[in-house]
Amino acid sequence: MDVGWVYTVQESMHAYAANVYTSVVEELMKGKQRRFIAVEQEFFRLWWDAVATDTQKQQVHQLLQEGRFEFVIGGQVMHDEAVTLIDDQILQLTEGHGFLYETFGNRPRFSWHVDPFGASATTPTLFALAGFNAHLISRIDYDLKADMQKNKKLQFVWQGSPSLSETQEIFTHVMDQYSYCTPSQIPFSNRSGFYWNGIAAFPDPPKDGVYPNMSLPVTDTNIRLYAQTMVANIKERAAWFRTSDVLWPWGCDKQFFNASVQYSNMDLLLDYINKHSDEFGVTVQYATVGDYFQAVYSRNLTWEIRDSQDFLPYSTEPFQAWTGFYTSRSTLKGIARRASSLLYAGESVFTQYVQKHPAGSICKHEALKQLQSLRWAVSEVQHHDGITGTESPKVKDMYMNNLMYGMFNVKKLMASIIFDMHNAKKNGEVYSYVYNKDSEIPGATDVDQYVVVYNPLAWNITTFVTVSVSHLAMSVYDELGHSVPAQVQRSTESSSTYDLYILVEISGLSYRKYNVKPLNGKQSVFIGKSVKYKRKDVTRADRQSRQLLPVVNNCYQVLFDQNTNLMHSITERDTNQTVQLTQEFLEYHVNGDTMKGLISDNYLFSPNASAVPVSKAVGLEVVSGNLMTEIRQYFYSNFTARDYIYAVYTRMYTVPEGYDGKLLCHRIEQEYSVGPLELNREAILRTSTNLNTKQLLYTDSNGYQIQKRPFKAYVNNTVARNYYPMVQTAYIEDDATRLVLLAERAHGVSSQANGQVEMMLHRRLWNNLQWDLNYNLTLNDSSVVRPVIWLILGSKPLTNVLYHTSGLALEHRPVVMFGALSGKQKQGDADFSRVLLRIRHLYEAGEDPVLSQPVMVNLKSLLKGLGSVITAEERSLTGIWNINTLKRWKWKTPQYPSKGFSNSTETSENYIVTVHPMEIRTFFVYFQGQ
């Protein structure tokens, strides 16, 4: 059941989802042989909390104990695998698992990842770490699936992480060509087959119970025809697998809202086939996914190993590459990531508050509710029709509203906690926003105000935060009244305000308070001086007599070509390596008329031809000050156009003596302004270099590990099928030098030529395909998007050191709050002495000679700032297993010829834990009561 797609969660609950659980529970109680699997917890939890009676709740407990009702995956949603971050996958899985374990003592052991558009190699590792015995996927490239099916290779043991290999491998089953739905065509009827309850009706369930397209009821006259159809399909599928056990999925999207007609018809059919099993050569039974995998496991076969290669991108036929959704609804992708980052910040602030200020005035239960509202929203949007941008506009609005509401709650909570800890005056109001240009700025101010900045990272940071102000003449002071380096300049977004960049130095998981005053004396901040250059016609630029404009900090020199106003080259100053580098915006033009050819939509990317340059003229403005230089490039459709259509704001920082500026100096920040686009345009930024990359691109897999992406030539659709998801990182390199791009939201990326990387930034599409029109899935997105990319250039050893930490610094930027707090809140009374801690090794085995070594962590000293640790108990990834009692099935492979159970990593002694490359270790840590 899709947690949002065409219809909102509330519409789906009303039309069918609540009825699924009500009627399934009732029908399972009527027949011991019946079975059912449930996946997404969001719908189940809404039913459990608002619909289920006490009797139904008791029945669910009984059915789970008897194995007749089974939760598979058990996350809040079935998450997308291409554009989600591993932290958010873990979050939504933990959110669902926590509910199941606390409510039923239930721990899912199997996956059912049938609908995400392509399969990532991170997911098998994630599910292995969560304690699963087997994994099930469906949507992989059509030609690859056909080949695997023919050769009986749809089942294998997948070692998703090369660093963890066999310790976190998992048996994986790929659904055959019929995928996860019951075959709908039946030869003796013009209606679908095996869908006796028909198709869900919106907005209201029909009062007479008659739904569209209900299958013919099973009768004496047609039961043999039904049986023959089912048996023929079972035998066709059996030929594609190695064991004689066939998984035959019964159901599909939005099914079982009237389980009574479903089971009463299927009961008759199964009985008939089993009575004639000698004739048919088949026996059938109701089963859960766990029943099926248990049967396959007990066959004791030896299975091939698949390495860490993923199944992305995904195409359903030669001209249908599902690579458009890597970029669809860029604003939603950005807000979802910002919300996730804010949630981590809020949880770390709350944890410290509970441990260090047990007598604080903020009600802990109320605080948990505020955190929970954002945890629910961030989990929900990870759904494979959520963050993907493949939903209807009203569902996009549902996700956005839930995220904004949760962010508002958590910002308010963080401000309250910090002001309570700071013992600020208890009056006035709280404002807070997350540092980023496209968050709501609470209004420029000309009064004395203070700014509180929280660092959500566990290490010390030196960075800039931006505050909108209404004067150039400002001064900034820290808590002790010392002057703080800052620079003010005219805003890129509004001609009436100024951007104040404050250099902040903050320890891990800590906050600092800064006072921003209108100038009343000597200590002024630096003022950025603007120089505007003439707009240049790039089509007529004189390539012979180049005039180059240098912009320099301690790490890089960037040259701009004054004949074109475009970037020309970057030099890494330590090694004096220079890379020729130009950037230009282009657009793929796509067709919107199905009569005229292929279309692009929310999912698919189907370009008509090569991308077309969008601007004939470029304007340039350089704003320079002592701390930062900002290069503003404006791209116009022609030389006389009044308004620009694209802009790039490139920022380079100069860090004063006495500050640790390594990360800050070594990044070139770029913020883009793209849109509104014309209809049926897909906007890209193409970065071309003189690196000899052999057209090999590297992209991250969910922010967890790196995948190699060699360019592949296809007979059809080569451009679109060479697009890959970039969640956090992409890079190109030659023997000596690497260019890294770090992102704060997902994009589609590709290398369509040697030395080149292009990133899709925005899409606006409309087509007349009836299916898209019926469901309002045409992606007519007229917004302006402002994504941020950090560029890092240097040798491989240097970029190895920088890009992991820089990626996290971009993901978890400081949280900025203004103002003061009113009101006292009453104290809660729960036990808050337990904290869930995860420790992750950022490096892959062999990636770096030093940083890829195992790391020893002393939990007691690591957490001493929070209090005195009494015990630390290692748990599975989502916390529902004690690692010592978790036994996962070990499947036979050529490497490991004996079957058995695989136990987990070594346990910690004396609170000292060794973390190996790519490991994620999870602990319940108990602190001494205050």
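Residues numbered from 1 in each chain as written. Predicted model: local features only at pLDDT ≥ 70, side-chain atom pairs only at ≥ 80, totals over all residues. Heavy atoms only, no water.

Participant: Would you explain the pattern of salt bridges in this entry?
Facilitator: Two side chains bearing opposite charge may form a pair once their charged atoms approach each other closely. Per the stated rule, a full pass over the model turns up 45 salt bridges. Notably, a salt bridge pairs E587 with R681, separated by 3.6 Å at the nearest N-O pair. Of this pair, E587 sits in strand β21 (residues 577–589) while R681 sits in strand β27 (residues 681–689), placing them 94 residues apart in sequence. R681 gets classed as buried once you look at its relative accessible area, which sits at 17%. (Salt bridge = Lys/Arg side-chain N within 4 Å of Asp/Glu carboxyl O. Helix = DSSP H or I, 4+ residues; strand = E, 2+ residues; numbered from the N terminus. Buried < 20%, exposed > 50% of the residue type's maximum accessible area, 1.4 Å probe, protein only.)

Participant: Looking at this model, I keep getting lost on the packing of helix α11 (residues 330–356) against helix α12 (residues 364–381). Mind explaining?
Facilitator: Running from N to C, α11 and α12 cross one another at 155°; their axes reach a closest spacing of 10 Å. When the axes of α11 and α12 are compared, the pair comes out roughly antiparallel. For the crossing formed where α11 meets α12, the hand is left-handed. Counting all contacts with α11, which are made through L332, A336, A339, S340, L342, L343, G346, E347, F350, Y353 and V354, the residues of α12 involved are K364, A367, L368, L371, L374, R375, V378 and V381. Residue composition of the contact of α11 with α12, grouped by class: 14 nonpolar, two polar and three charged. (Axes fitted to C-alpha atoms, helices over the stretch in contact; angles between N-to-C directions. Parallel < 35°, antiparallel > 145°, perpendicular 65-115°, else oblique. Left-handed = near helix turned anticlockwise from the far one by under 90°. Contact = heavy atoms within 4.5 Å. Nonpolar A, V, L, I, M, F, W, Y, C, P; charged D, E, K, R; others polar.)

Participant: When you look at the sheet that holds strand β37 (residues 834–840) in this model, what are you seeing that I'm missing?
Facilitator: The strands that make up a sheet pair up through hydrogen bonds in the backbone, lying either parallel or antiparallel. If you walk across this open sheet you meet the three strands as β37-β43-β39, and the pairing is antiparallel. A strand with exactly one partner marks an edge of an open sheet, and here the two such strands are β37 and β39 (869–875). Averaged over neighbouring strand pairs, the angle between their axes works out to 30° when direction is ignored. Relative to strand β43 (residues 920–927), β39 runs antiparallel, the two sharing six bridges. (Pairing = 2+ DSSP bridges.)

Participant: Just to check I follow, could you spell out the state of the cysteines for this structure?
Facilitator: One pass over the full model with this rule turns up two disulfides. Put simply, C555 and C665 are joined by a disulfide, and their sulfur atoms are 2.0 Å apart. Taking the sign of the S-S torsion, 130° for the link of C555 and C665, the bridge is right-handed. Here C555, found in the loop between β18 (548–552) and β19 (556–561), pairs with C665, found in helix α14 (residues 662–665); they are 110 residues apart in sequence, far enough to count as distant. Among the residues examined, C555 registers a relative accessible area of 7% and is labelled buried. Judged by relative accessible area, C665 falls into the buried class, the value being 7%. Here the bonded cysteines of the chain are numbered in sequence order, and their pairing is 1-2, 3-4. (Disulfide = S-S within 2.5 Å.)

Participant: Any chance you could explain helix α4 (residues 86–104) here in plain terms?
Facilitator: Residues three or four positions apart in an α-helix share a direction because the helix packs 3.6 residues into each turn. Across its 19 residues, α4 extends 26 Å between first and last C-alpha, which sits within 8% of the 27 Å expected from 1.5 Å per residue. Among the 19 residues that make up α4, 16 are buried, leaving the element largely enclosed by the rest of the structure. G105 lies just past α4 and shows a positive phi near 65°. (Expected span 1.5 Å × (residues − 1).)

Participant: Could you clarify how one ought to interpret a nonpolar patch on the surface in this entry?
Facilitator: Taken together, the side chains of L679, W766 and L773 define a hydrophobic patch exposed on the protein surface, amounting to about 250 Å² of accessible area. Topologically, L773 is positioned in helix α16 (residues 770–775). (Patch = residues over 30% accessible without salt bridge, like charges linked within 9 Å, V, L, I, M, F, W, Y side chains within 5 Å. Areas by Shrake-Rupley, 256 points an atom, 1.4 Å probe, with all protein chains shown as cover.)

Participant: How should the confidence of the model for the chain be read in this particular structure?
Facilitator: When pLDDT is averaged along the chain, the result is 92; 94% of the residues meet or exceed 70. Confidence over residues 424–446 falls short of pLDDT 50; this stretch has 81 contacts with residues more than four positions distant or in other chains. Scored below 50 in pLDDT, residues 820–829 makes 34 contacts in the model with residues more than four places away or belonging to other chains. (pLDDT = per-residue confidence, 0-100.)

Participant: Teacher, can you tell me more about the layout of surface pockets here?
Facilitator: Estimates place the volume of the second largest pocket at around 1,300 Å³. Taken together, 48 residues make up the lining of the second largest pocket; nearest its centre are L247, W248, P249, W250 and A287. For the lining of the second largest pocket, the secondary structure elements donating two or more residues are α1 (9–28), β1 (36–38), α7 (223–238), α8 (259–275) and α10 (289–297). (1 Å grid on protein atoms, 1.4 Å probe; cavity = no way out; pocket = protein on both sides within 12 Å on 5 of 7 lines; lining within 4 Å. Points joined across faces, edges and corners; volume = space filled by probe spheres on them.)

Participant: Just to check I follow, could you spell out the sheet that holds strand β28 (residues 696–701) for this structure?
Facilitator: Strand order across the open sheet formed by ten strands is β17-β23-β24-β25-β26-β35-β32-β31-β28-β29, with antiparallel pairing between neighbours. Only two strands of the sheet have a single neighbouring strand rather than two, namely β17 (529–537) and β29 (705–710). Ignoring which end each strand starts from, the neighbouring axes of this sheet average 20° apart. Pairing of strand β23 (residues 617–624) with strand β24 (residues 628–636) involves eight bridges; the strand directions are antiparallel. By the bridge assignment, V618 is partnered in β24 with F635.

Participant: Would you mind showing me how to read unusual backbone geometry here?
Facilitator: Leaving glycine aside, a negative phi is the common case for residues, and trans is the common case for peptide bonds. In the segment running from L312 into P313, the intervening peptide bond is cis, with an omega of -5°. On the secondary structure map, P313 appears in the loop between β6 (305–306) and β7 (315–317). With an omega dihedral of -10°, the bond running from G675 to P676 counts as a cis peptide bond. Topologically, P676 is positioned in the loop between β26 (668–674) and β27.

Participant: Even after reading the chapter, I still don't get the packing of α7 against α8, so can you show me in this structure?
Facilitator: When two helices pack together, their arrangement is given by the angle between their axes and by how far apart the axes lie. Contact geometry of α7 with α8 gives a least axis separation of 10 Å together with a crossing angle of 75°. One finds that α7 runs roughly perpendicular with respect to α8. On α8, the residues that touch I223, R224, Y226, A227, M230 and V231 of α7 are M266, L268, L269, L270, Y272 and I273. In terms of residue class, the contact of α7 with α8 is built from eleven nonpolar, no polar and one charged.

Participant: Explanation requested: helix α3 (residues 54–65) in the structure shown.
Facilitator: Here α3 is twelve residues long and its end C-alpha atoms lie 17 Å apart, about the 16 Å a rise of 1.5 Å per residue gives. Every buried residue belonging to α3 is among Q56, V60, L63 and L64, and all of these are buried. Along the long axis of α3, the arc covered by the buried residues comes to 95°, so they all point the same way. For α3, the exposed residues set more than 90 degrees away from the buried face come down to D54, Q58 and Q65. Remark: G67 follows α3 within two positions and exhibits a positive phi of approximately 75°. (Arc of directions from axis to C-beta.)

Participant: What is the right way to look at the packing of aromatic side chains in this model?
Facilitator: What characterises a pair of aromatic rings is the spacing of the ring centres plus the angle enclosed by the ring planes. Enumeration according to the criterion identifies 67 aromatic pairs in this entry. Ring geometry for F44 against F71: centres 5.0 Å apart, planes inclined by 75°, an arrangement best described as edge-to-face. Residue F44 is located in helix α2 (residues 41–50), and its partner F71 is located in strand β2 (residues 69–71); the two are separated by 27 residues in the primary sequence. Residue F44 shares its accessibility class with F71, and that shared class is buried. Taken together, a centroid distance of 6.0 Å and an interplanar angle of 85° make the contact between F171 and F293 edge-to-face. You can see F171 sitting in strand β5 (residues 170–174) and its partner F293 sitting in helix α10, a full 122 residues away along the chain. The burial state of F171 is the same as that of F293; both residues are buried. The side chain of R738 reaches across the aromatic face of Y731, ending 4.2 Å from its centre. The cationic tip of R834 hangs over the ring face of F924; the distance from NZ or CZ to the ring centre is 4.0 Å. (Phe/Tyr/Trp six-rings, centres within 6.5 Å; stacked < 30°, edge-to-face > 60°. Lys NZ or Arg CZ within 6 Å of the ring centre and 35° of its normal.)

Participant: Would you take a moment to explain the pairing of β29 for this structure?
Facilitator: The side chains of a regular strand alternate, residue by residue, between the two faces of the sheet. Going residue by residue along β29, you find Q705, Q707 and R709 tucked away on one face and I706, K708 and P710 left uncovered on the opposite face. Bridge count between β28 and β29: six bridges; the pairing is antiparallel. Residue pairing across strands places L696 opposite P710, the latter belonging to β29. Once β28 ends, the chain turns through three residues before running back antiparallel as β29, passing N702 with a positive phi of about 60°.

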